[in-house]
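Below, each chain spelled out in residue letters.
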Amino acid sequence: MRQYANKEELINTINEKYKKYIAEFKDIPENLKNKRIKEVDKTPSENLSYQLGWINLLLQWEQKEQHGEEVHTPAEGYKWNNLSGLYNSFYKQYGEYSLKEQQSMLNEAVNHLCEWLNTLSEKELFEVDQRRWAKTQANWPVWKWVHINSVAPFTNFRTKIRKWKKINL
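Thresholds applied
Residues numbered from 1 in each chain as written. Predicted model: local features only at pLDDT ≥ 70, side-chain atom pairs only at ≥ 80, totals over all residues. Heavy atoms only, no water. Helix = DSSP H or I, 4+ residues; strand = E, 2+ residues; numbered from the N terminus. Rg over C-alpha atoms; globule rule 2.2 N^0.38 Å. Buried < 20%, exposed > 50% of the residue type's maximum accessible area, 1.4 Å probe, protein only. Contact = heavy atoms within 4.5 Å. Areas by Shrake-Rupley, 256 points an atom, 1.4 Å probe, with all protein chains shown as cover. Lys, Arg positive; Asp, Glu negative; His and termini not counted. Charge placed at Lys NZ, Arg CZ, Asp CG, Glu CD. Polar contact = N/O pair within 3.5 Å; in protein donor to acceptor, adjacent residues only side chain to side chain. Core = buried A, V, L, I, M, F, W, Y, C linked by side-chain atoms within 4.5 Å. Axes fitted to C-alpha atoms, helices over the stretch in contact; angles between N-to-C directions. Parallel < 35°, antiparallel > 145°, perpendicular 65-115°, else oblique.

The name given to the protein in an unreviewed UniProt entry is Cytoplasmic protein, with Lysinibacillus boronitolerans JCM 21713 = 10a = NBRC 103108 as the source organism.

Q: For the overall build of the protein, give the residues involved together with the corresponding values.
A: Check the secondary structure of the protein and you find seven helices and zero strands. Walking the protein from its N terminus toward its C terminus, one meets helices and strands in the order α-α-α-α-α-α-α. A globule of 169 residues ought to have a C-alpha radius of gyration of about 15 Å, and the protein, at 16 Å, matches this closely. Projecting the C-alpha coordinates of the protein onto the three principal axes gives extents of approximately 45 × 35 × 25 Å. Within the protein, the proportion of its 169 residues that are buried is 46%. Taking the contacts inside the protein whose residues are at least 6 apart along the sequence as the reference set, 71% of them involve residues at least 24 apart. Per element, the accessible surface of the protein, about 9,100 Å² overall, is 45% carbon and sulfur. One way to put it: in the protein the 26 positive side-chain charges average out to a point 8 Å from where the 22 negative ones average out.

Q: An account of helix α6 (residues 142-149) is needed here, citing residue identities and associated values.
A: The buried fraction of α6 is high, at six of eight residues. Along α6, the residues that are buried comprise Val142, Trp143, Trp145, Val146, His147 and Asn149. Tucked inside the fold, the buried residues of α6 contact α1 (7-23), α2 (44-66), α4 (99-119), α5 (122-126) and α7 (151-168).

Q: Tell me about the side chain of lysine 42, and name the residues and values.
A: Among the structural elements, lysine 42 can be located in the loop between α1 and α2. By relative accessible area, which is 8% here, lysine 42 ends up buried. Polar contacts involving the side chain of lysine 42 include one to the side chain of aspartate 41, which spans 3.3 Å. Dropping the residues within four chain positions of it, lysine 42 is found in contact with Arg36, Asn47, Tyr50, Tyr91 and Phe157.

Q: So what's going on with the nonpolar core? Residues and values would help.
A: Counting residues in hydrophobic clusters, the biggest one holds 48 residues, and the most contacted among them are Ile14, Tyr21, Leu106, Leu113, Trp116, Leu117 and Val146. Listed by contribution, the elements that provide at least two residues to this core are α1, α2, α3 (84-95), α4, α6 and α7. Among the elements that line this core, the one with the most residues is α2, at nine residues. If we ignore the near neighbours within four places in the chain, the residues touching leucine 113 are Ile14, Ile55, Leu58, Leu59, Val146 and Ser150.

Q: How would you summarise the packing of α2 against α7 if you had to cite specific residues and measurements?
A: It is at 10 Å that the axes of α2 and α7 come closest, and there the two elements cross at 170°. Here α2 is positioned roughly antiparallel relative to α7, judged by the angle of their axes. From α2, Pro44, Asn47, Tyr50, Gln51 and Ile55 reach across to α7, where they touch Pro153, Phe154, Phe157, Ile161 and Trp164.

Q: How would you summarise the environment of lysine 17 if you had to cite specific residues and measurements?
A: For lysine 17, the position within the fold is in helix α1. Note: C-alpha distance between lysine 17 and threonine 155 (138 residues apart in sequence) is 6.2 Å. When residues no more than four places from it in sequence are discounted, the contact partners of lysine 17 are Val151, Phe154 and Thr155.

Q: Tell me about the side chain of asparagine 56, and please be specific about residues and values.
A: Inspection of the secondary structure puts asparagine 56 in helix α2. In terms of polar contacts, asparagine 56 uses its side chain to reach the side chain of tyrosine 94, at 3.1 Å.

Next up, the structure:
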């Protein structure tokens, strides 16, 4: 997994990878948003919904912890060893929106993510045991949770969307 020298580098990487990822959706017509192909595991709408779901969950974990509430990871009613139901809840929650609406919502979520990161100290971001919600079996520092739910999928899913577009457009 990639390492970051500091908070600024992480935020810059999120923004850089996100801009490339979201640009892939500009020429996908609305009538193809739910088109499934065997070569790619997610439709364009599911791809965006997945990103919306994870980034919003990450922000919710932080918000709940800051308000003294109990945080259930990955989400209330879902376990780490069976995430397909969680993904389906993302598709249901966000899939009713148009691609443009999903993109707008994701822009807002990424902006909130970066705003939140700017409020954290380097210690809070890069040292373990800084958030209760980050204390899973892996016990990762916050930056790893952010990376795995933003930079990594923005990079990997961009390739999937490009493959989807090559076949469909």
